[in-house]
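Descriptive structure summary
Take a look at the letters that make up each chain.
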Amino acid sequence: MFLGYVDQIERVDNMFYIVFDVVSEHQLKKLLEDPVSAKQINLSDAYSTFCLMLKVHKWSDVPALQREIEIDRWYKIEINDSESNLVNAIRYDDMNSNNGVDVNVQIYFLDKRVNSTKNIYHLFSLNDFPKSNENELTNLLTQNRFASKTFLAVYNVGQGNCSAVCNSLNSSPIVYYDFGGGCYSNAHTYPSGQQYCFTNNPPIVLSHWDNDHWSSANHLRSPWAKNYPWIVPDQPLNATQLKFASELAFLGNLYIWPRISTLKLIRTGYGAFFYCDGTSKNDSGLGFLYSSEQEDIRALLPGDAAYKYINSRFKNDLSSIVASHHGGNRRLDPPPFARSTQSNTNIVYPYGLHNSYGHPGVLRFGEHVHFGWNKDIHTYKGHVGLGISSLPPIGCSTNYCDLRIVQI
Ligand SMILES: [Zn+2]
Ligand SMILES: [Zn+2]
């Protein structure tokens, strides 16, 4: 038996795509007996995980399930290849490869009121890890990292997010906002051999824990990213994410931003980071408003959060926006209006071409023009720079990284 956490439910052309992060129940036995002590050790080798993608036309295609599958919940999963009456799914074992194998699965509902289920939710959370305070986080985000002139970079990482505030003199990141990229069914969208820059010892702020927002730090891509401080939102985790969090904690680089009730926002010389106020993983992470008075730019980076969960003070007078959720389809969530006094208002779509979710969604795509966004920029065509009037120089001439900006 396996345990699976629902990472994503996406509707594409009348099909539901349900993405689980899965772990063997057997491998968790000891950890579940004592979820508090489990956080004292490095869990990166404690168990293995894989990704499972179900495609169903309607919920009744999943037999014996008492109710609709919900996002951010745990389920019991049986994988049995000899039983053909089960639901077909694709299993991806390697985050860096879209080579999946067909399997037959059955999904079972887990009652949250039962103690054994409570232990699962307790284990896969940031409970029991120490939280950071406002001073500590503010210092990380501002100390020794002021550049006189900055711009905002939105990188091409395929189907995922990675952006940074950069020093205009040499394009070196001062702080990263997300460090993800295409993984599992979208691993093919990741640009090959992509190298990052850590010249300024940049901290990395994580918008939310979904794998496509931190996966560039995995063992085959940029594992040294774990040697820098990660500022993360306090959210429930899946099994893959707990391994990653535990590794960061072990390295002394896990800085947990306490819950929204304790700390709502942090202002820096280049903008503000803040909690979004929804409840799902996408909607309850950290947003970023980049602003620079010299260049007169105000850019909203919502991560995957719906715009309606972003406080209105971060949504006015915007000159640029990075489309939420890779431009994925979301009904009833209009984007903010663009600044009306500016001729070029940029909307950046961060996604990989031919991704498995059909992002950016057809409805949303083109819809932004009604809100004053008149310049579409697509990250799959190359790294994007905002808040600059010409392509910036790159300090290492791409000898050590591939962060050269090619679109402005
Ligand atoms: Zn995402
Ligand atoms: Zn997400």
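Keep in mind it's a predicted model, so treat the numbers as computed, not measured. (Residues numbered from 1 in each chain as written. Chains lettered and ligands numbered in written order. Predicted model: local features only at pLDDT ≥ 70, side-chain atom pairs only at ≥ 80, totals over all residues.)

Before going further, it helps to examine the overall build of the protein chain. Each helix and strand counted, the protein chain has five helices and 20 strands in total. On C-alpha atoms alone, the protein chain measures out to a radius of gyration of 21 Å, which is about the 22 Å that the 2.2 N^0.38 rule sets for 408 residues. Dimensions along the principal axes, computed over C-alpha positions, put the protein chain at roughly 60 × 45 × 40 Å. Here the protein chain holds 408 residues, and the buried ones make up 49% of them. (Helix = DSSP H or I, 4+ residues; strand = E, 2+ residues; numbered from the N terminus. Rg over C-alpha atoms; globule rule 2.2 N^0.38 Å. Buried ≥ 20, exposed ≤ 12 C-beta atoms within 10 Å, placed from the backbone.)

In this section: the sheet that holds strand 8 (residues 162–167). Two modes of strand pairing occur in sheets, parallel and antiparallel, and in both the strands are linked by backbone hydrogen bonds. Strand order in the open sheet made by the seven strands is 12-11-10-9-8-7-20, with mixed pairing throughout. The outermost strands of the open sheet, each flanked by one partner alone, are strand 12 (254–257) and strand 20 (384–386). Where strand 7 (residues 150–154) meets strand 8, five bridges bridge the pair, whose relative direction is antiparallel. For leucine 152, the partnering residue across the bridge sits in strand 8 and is valine 165. Its contacts with the sheet put helix 4 (residues 134–142) on strand 9 (173–179), strand 11 (230–233) and strand 12, and the angle it makes with strand 12 is roughly 120°. (Pairing = 2+ DSSP bridges. Contact = placed C-beta atoms within 7 Å. Axes fitted to C-alpha atoms, helices over the stretch in contact; angles between N-to-C directions.)

The biggest cluster of nonpolar side chains holds 111 residues, and the ones touching the most others in it are Ala153, Val205, Leu206, Ile231, Tyr290 and Ala299. Sort the elements by how many residues they give to this core and helix 5 (residues 239–250) lands first, with six residues. The residue makeup of this core includes at least three contributed by each of domain 1 (2–123) and domain 2 (134–386). If we ignore the near neighbours within four places in the chain, the residues touching alanine 153 are Ser163, Ala164, Cys166, His383, Val384, Gly385, Leu403 and Ile405. (Core = buried A, V, L, I, M, F, W, Y, C linked by C-beta atoms within 7 Å. Domains from an automatic or database assignment.)

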